[in-house]
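# Breakdown of the fold
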Amino acid sequence: MKRMFFATAALLWAGMALAQGGFPNRPITMVVGFAPGGGTDTSARIIAKAVAEHLGQPVQVDNRAGAGGNIAHDHVAKSTPDGHMILLGSVGPLTVAPHMIKNLPYDPLKDLAPVTMAVTFANVLVVHDGVPVRTLAEYVKYARDKDGTLTYGSSGIGGAGHLSGELFRMMSRVNIVHVPYKGGGPAMQDLLGKQIASIFATPISAGPHIKAGKIRAIAVTSAQRTSFMPEVPTIAESGFPGFEATNWYAYVLPAKTPNEIVDRWNRELVKILNDPAVRKALLDQGMEPAPTSREALAAYIRREYDTWARVVKEANITAN
């Protein structure tokens, strides 16, 4: 009863604020589910700066790392639906976690309202400079020689990097060992420190270290080569035809956010993602801006939800 009362009160408050022209009437919080330094965090900070300029309110990026991003998604799903807290969500918590975690405290299809796709991009398999491989064929041979001890890190269980690794493990039949982190930044730090051998990393976290020669790019996870790393072959062309694992980040709000506010967010974010300066900043990090309608994002999330359900089942991926 108390929960229903508070939910009703929150909706009434949000409705009154909108009716009074009060959105936004205070600072905005943009939540990401991972530690600073990774792809989600960097993308959010690029976009947050433009949001502050467009909406006339400060925007704070709130890093709520843990549980592969699920903590942040649950937090936003249960937040006041008035538009002042928005989440830059990701593939794992939005489309994978429900198939891995029996008692997930939120339902991404029911508790979060799609706003717009933000960016899409390929992950890249990288190794530190002490791993003696330069091609995917050499990586596979090295993994088999290591007999189940070669490690790969990711930003968290059920995230795009983890899924890429598991899909690769299924197709290559090599026994590589997953090491999850609370974000791409911490995973990259351990790769640089040679605590793990490889990562299916975002271009943002990997790019500067590839250029500095500290790590090597082996292959990208997209169906075609990327403009950000055109010299790096795809996994598909390197002996595993049909391999594709596209990463993406999308904006979502609490499901009970009034339609007028969701529409406002969609309009503003689409403008921002189409802005030449913002596009360049994201493209320079290997992120492809991909603004959509609310409906298109909802349909995309549903397709991804069904696709990864099959992969999780076939690969027997669990949260432990």
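Above: the structure in question.
Note on numbering: residues in each chain are counted from 1, in written sequence order. Two thresholds apply to this predicted model, a pLDDT of at least 70 for residue-level local features and 80 or more for giving and counting side-chain atom pairs, whereas whole-chain, interface and lining totals are computed over all residues. Computation of side-chain values: all heavy atoms of the structure, hydrogens and water removed.

To continue, consider the pairing of strand 3 (residues 85-90). Summary of the burial criterion: residues with accessible area below 20% of their type's maximum are buried, those above 50% are exposed, and those between are partly exposed, where the area comes from a 1.4 Å probe applied to protein chains only. Here a helix means four or more residues in a row that DSSP labels H or I, a strand means two or more in a row labelled E, and each is numbered from the N terminus. Across the six residues of strand 3, six count as buried, placing the element largely inside the fold. Both faces of strand 3 are covered, namely the face carrying Met 85, Leu 87 and Gly 89 and the face carrying Ile 86, Leu 88 and Ser 90. Summarising the sheet, strand 3 and strand 10 (residues 246-254) pair through four bridges and their orientation is antiparallel. Counted as the bridge partner of Gly 89 is Ala 250 from strand 10. One requirement defines pairing of two strands: DSSP has to find at least two bridges between them.

All right, on to the pairing of strand 5 (residues 124-128) then. Counting buried positions along strand 5 yields five of five residues, so the element is predominantly enclosed. Residues Val 124, Val 126 and His 128 line one face of strand 5 and the alternating positions Leu 125 and Val 127 line the opposite face, and both faces are buried. Looking at chain direction, strand 5 and strand 9 (residues 215-220) are connected through five bridges and run antiparallel. Bridge assignment links Val 127 to a residue of strand 9, and that residue is Arg 216.

This next bit is on the pattern of salt bridges. Where charged atoms from two side chains of opposite charge come close, those side chains can pair. The rule for a salt bridge is simple: a side-chain nitrogen of Lys or Arg has to be within 4 Å of a carboxyl oxygen of Asp or Glu. Following the criterion strictly, the structure yields 13 salt bridges and no others. For the salt bridge of Arg 169 with Glu 166, the shortest nitrogen-to-oxygen distance reads 2.7 Å. Remark: Glu 166 and Arg 169 occur in helix 7 (residues 160-172); sequence separation between them is three residues, near one turn of the helix. For Arg 169, a relative accessible area of 25% gives the class partly exposed. Among the salt bridges present, the one from Arg 225 reaches Glu 237, with a minimum N-O distance of 2.8 Å. Placement of the pair is Arg 225 in the loop between strand 9 and strand 10 and Glu 237 in the loop between strand 9 and strand 10, with a sequence separation of twelve residues. Taking the relative accessible area as the measure of exposure, Arg 225 reaches 41% and is therefore partly exposed. By relative accessible area, Glu 237 is classed as partly exposed at 44%.

This brings us to the sheet that holds strand 3. Ordered in space as 2-1-3-10-4-11, the six strands form an open sheet in which the pairing is mixed. With one partner strand each, in any of the chains shown, strand 2 (59-63) and strand 11 (288-289) form the two edges of the open sheet. The sheet contact formed by strand 4 (residues 112-122) and strand 10 spans nine bridges and is antiparallel. Each residue of the ladder has a partner; that of Thr 116, found in strand 10, is Tyr 251. Residue contacts are defined here by distance: any two heavy atoms, one from each residue, within 4.5 Å place the two residues in contact. Geometry is summarised by axes, namely lines fitted to C-alpha atoms with helices restricted to the contacting stretch, and by angles between N-to-C directions that run from 0 to 180 degrees. Seen against the sheet, helix 3 (residues 70-77) touches strand 1 (28-32), strand 3, strand 4 and strand 10 and runs at an angle of roughly 145° to strand 3.

The sheet built from five strands is open, its strands ordered 7-6-8-5-9 with mixed pairing. Each end of this open sheet is capped by a strand with a single partner; those strands are strand 7 (177-180) and strand 9. For this sheet, the mean angle separating the axes of adjacent strands, direction not counted, is 30°. Note: strand 6 (residues 151-154) against strand 7, four bridges, orientation parallel. The partner of Gly 153 across the bridge, within strand 7, is Val 179. Helix-sheet contacts for helix 7 involve strand 6, strand 7 and strand 8 (198-201), and the interaxial angle to strand 6 is about 150°. Of the strands in this sheet, strand 5, strand 6, strand 8 and strand 9 are in contact with helix 8 (residues 184-192), which crosses strand 8 at around 150°.

So, on to the nonpolar core. We define a nonpolar core as any set of buried Ala, Val, Leu, Ile, Met, Phe, Trp, Tyr and Cys residues linked to one another through side-chain atoms lying within 4.5 Å. Judged by nonpolar contacts, the single largest core of 49 residues is most densely connected at Leu 136, Tyr 139, Phe 168, Ile 176 and Ile 235. The biggest single contributor to this core is helix 12 (residues 294-315), with six residues. One finds Val 61, Val 115, Tyr 249 and Val 262 within the second-largest nonpolar core, a separate group that totals 32 residues.

Let us look at the packing of aromatic side chains. Two descriptors summarise a pair of aromatic rings, namely the distance from one centre to the other and the angle between the planes of the rings. Only rings of Phe, Tyr and Trp enter the pairing, Trp through its six-membered ring, and a pair is recorded when the two centres are within 6.5 Å. The plane angle decides the type: under 30 degrees is stacked, over 60 is edge-to-face, the rest tilted. For the structure on display, the rule yields seven aromatic pairs. Seen from their ring centres, Phe 168 and Phe 200 are 6.3 Å apart, and the 50° between their planes marks the pair as tilted. Separated by 32 residues along the polypeptide, Phe 168 in helix 7 and Phe 200 in strand 8 bring together distant segments of the chain. The pair Phe 168 / Phe 200 is uniform in exposure class, with both members buried. Members of the aromatic cluster, each reached through a chain of ring pairs, are Tyr 139, Tyr 152, Phe 168, Phe 200 and Phe 240.

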